[in-house]
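Listed here are the chains, written in short residue letters.
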Amino acid sequence: MIKEYIEKNEQRILDELFSLIRIPSVSAQPEHKDDMTRCAERWKELLIAAGADKAEVMPSDGNPMVYAEKMVDPKAKTVLIYGHYDVMPAEPFELWKTEPFEPVVKDGHIWARGADDDKGQAFIQAKAFEYVVKNNMLKHNVKFIFEGEEEIGSPSLEAFCKKHKELLKADIILVSDTSMLSADLPSLTTGLRGLAYWQLEVTGPNHDLHSGHFGGAVANPINVLCKLIADVQDEKGHINIPGFYDDVEPIPAEERKMVGEIPFNLEKYKQSLDVEELFGEEGYNTIERTGFRPSFDVCGIWGGYTGDGAKTVIPSKAYAKISTRLVPHQQSEKIAEIVVDYFRKVAPKTVKIDIKYLHGGEGYVCPIDMPAYKAAERAFEKAFGKRPLPVRRGGSIPIISTFEKILGIKTVLMGFGLESNAIHSPNENMPLDIFRKGIEAVINFHEEYDNI
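Note that residues are indexed from 1 along each chain, following the sequence as it is written. Per-residue local features are limited, in this predicted model, to residues with pLDDT of at least 70; the limit for side-chain atom pairs, both in listing and counting, is 80 or more; totals at the level of whole chains, interfaces and linings are taken over all residues. Hydrogens and water are ignored here; the side-chain numbers use all heavy atoms of the structure.

Considerations on the pattern of salt bridges
Here comes step 1: Any Lys or Arg side-chain nitrogen found within 4 Å of a carboxyl oxygen on Asp or Glu counts as a salt bridge. Enumeration over the complete set of coordinates arrives at 29 salt bridges.
Here comes step 2: Of the charged contacts, one joins Glu288 and Arg256 as a salt bridge, the two residues approaching to 2.6 Å between their closest N and O atoms. Here Glu288 is found in helix 9 (residues 286–291), whereas its partner Arg256 is found in helix 7 (residues 253–260), with 32 residues between them in sequence.
Here comes step 3: Think of it in three bands: residues with accessible area under 20% of the maximum for their type are buried, residues over 50% are exposed, and the middle band is partly exposed, with areas taken using a 1.4 Å probe on protein chains only. Since its relative accessible area comes to 4%, Glu288 is described here as buried.
Here comes step 4: The residue Arg387 makes a salt bridge to Glu377 at a minimum N-O spacing of 3.3 Å. Taken as a pair, Arg387 in the loop between helix 11 (371–384) and strand 16 (389–393) and Glu377 in helix 11 lie far apart in primary sequence, 10 residues in all. Secondary structure elements are defined from DSSP: runs of H or I of at least 4 residues count as helices, runs of E of at least 2 residues count as strands, and each element is numbered from the N terminus.

With respect to the pairing of strand 7 (residues 172–175)
Here comes step 1: The alternating pattern of strand 7 places Ile172 and Leu174 on one face and Ile173 and Val175 on the opposite face, and all of these are buried.
Here comes step 2: What makes two strands pair is DSSP finding at least two bridges between them. Examined bridge by bridge, strand 3 (residues 78–84) and strand 7 share 4 bridges and lie parallel to one another. Bridge assignment links Val79 to a residue of strand 7, and that residue is Ile172.
Here comes step 3: Here strand 7 pairs with strand 17 (residues 411–413) via 3 bridges, running parallel. Bridged to Val175 within strand 17 is Leu413.

Remarks on the packing of aromatic side chains
Here comes step 1: Aromatic pairs are defined between Phe, Tyr and Trp rings, using the six-membered ring for Trp, whenever the two ring centres lie within 6.5 Å; interplanar angles under 30 degrees are classed as stacked, those over 60 as edge-to-face, and all others as tilted. Inspection of the entire model under this criterion finds 15 aromatic pairs.
Here comes step 2: Their ring planes at 75° and their centres at 5.1 Å tell us that Tyr5 and Tyr131 sit as a pair that is edge-to-face. Of this pair, Tyr5 sits in helix 1 (residues 2–21) while Tyr131 sits in helix 3 (residues 119–134), and the two are 126 residues apart along the sequence. In terms of burial, Tyr5 and Tyr131 fall into one category: buried.
Here comes step 3: Where Phe380 meets Phe384, the ring centres are 5.2 Å apart and the plane angle is 15°; that geometry is what we call stacked. Here Phe380 pairs with Phe384, and both are found in helix 11, just 4 residues apart, close to one helical turn. Assigned by exposure class, Phe380 and Phe384 land together as buried.
Here comes step 4: Members of the aromatic cluster, joined through ring pairs, are Trp43, Phe123, Phe129, Phe144 and Phe146.
Here comes step 5: Seen from the ring of Tyr449, Lys77 lies directly overhead, with NZ or CZ sitting 4.3 Å from the centre. As a reminder, the over-ring test applies to NZ of lysine and CZ of arginine, requiring each to be within 6 Å of the ring centre and within 35 degrees of the ring normal.

Details of the environment of Phe279
Here comes step 1: Mapped onto the fold, Phe279 is located in the loop between helix 8 (266–273) and helix 9.
Here comes step 2: Note: C-alpha distance between Phe279 and Phe214 (65 residues apart in sequence) is 37 Å.
Here comes step 3: If sequence neighbours within four positions are ignored, Phe279 has contacts with Gln233, Asp234, Glu235, Gly237 and Arg289. Contact criterion: two residues are considered in contact whenever any of their non-hydrogen atoms come within 4.5 Å of each other.

Now the structure itself:
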């Protein structure tokens, strides 16, 4: 019955999803501020159409929030569904095979920015909700909270949660914004890494210089920046910042055993990325490195002349954007101070540095013996035909730990993304068959949740 409903209504469902995707709700770019409001208003319309008793666009300190609810019984359990309607910038546009904000169905995939992260996955939740409402299956209350700032660290959501704690009261939070091991190997995310993010500015001379007249006499800010960054990690992948590992706990033996049971083809992984060899912290395998260990990465670097042809110049300034992924118990604010202090101490006197902490958040762990997790596990098995593996993922959704801190609610992460979906990259996509199975799995969750 579920499959027939999805098939019968698929074109309408896609048309509704595409109406969201066509709105370029890029939270990182100020020129899209009006688009954020447009997207929030569209979500409001779609949640009412899906069966919510009420929906509203609510103000926050930043982009608006979308809140909706279906209250079946005040005494019944309540599921709070979280998602985000903002998307990453689509640049570089020239690497897209289709227009990023004009969705296309091709080769069994939806191609567009937001097809997966998180408009596609949030829409899975909305359409599952529509089904259980229309078929009178819902025995618990459902609330929705969709934000427009997840991709920039959710700066306004914590204050919103504190202000509207009673409104967001629930028994469990359900989120579709994570990934599976593969299309043939369903998995449930049981842990997320935290995040800390900075921008580093290195200044040398007070203006750009002729590299012939001054080369060899004045420190080049780009050269200095590259060395500063390169010195952070050694050849074994160890991060050399003092105090960085102080709160990192060893991987529990039981979880390390579970990781060892996860089917993982190293050669296929390398082939999918078109790399000959991998690099990471010595003593850990790839899954452990991305799920249980912290990391350090340069997310962007620029300075000097980057146009066509040659310009012999020593630039006055060089810049980098830097991030660390953190594991549970590593506090982002503490790491932020450690990293800022480190760069200030190691920077040579030949340059001046300015490092700004932009945003961060904490990691999260979901207990696999929690009844709501077990409901999700059974729901996945019904939809995908296989019991999902519990897996810690390397990504970050900082608000999940904030929800637990402020609202006192645990979260179940029912994500349907794949590595090949290219989130945050050109040619983001979502396989249609996974999209359909995702709707089915969430419908199953609502049914299973009523039985716990």
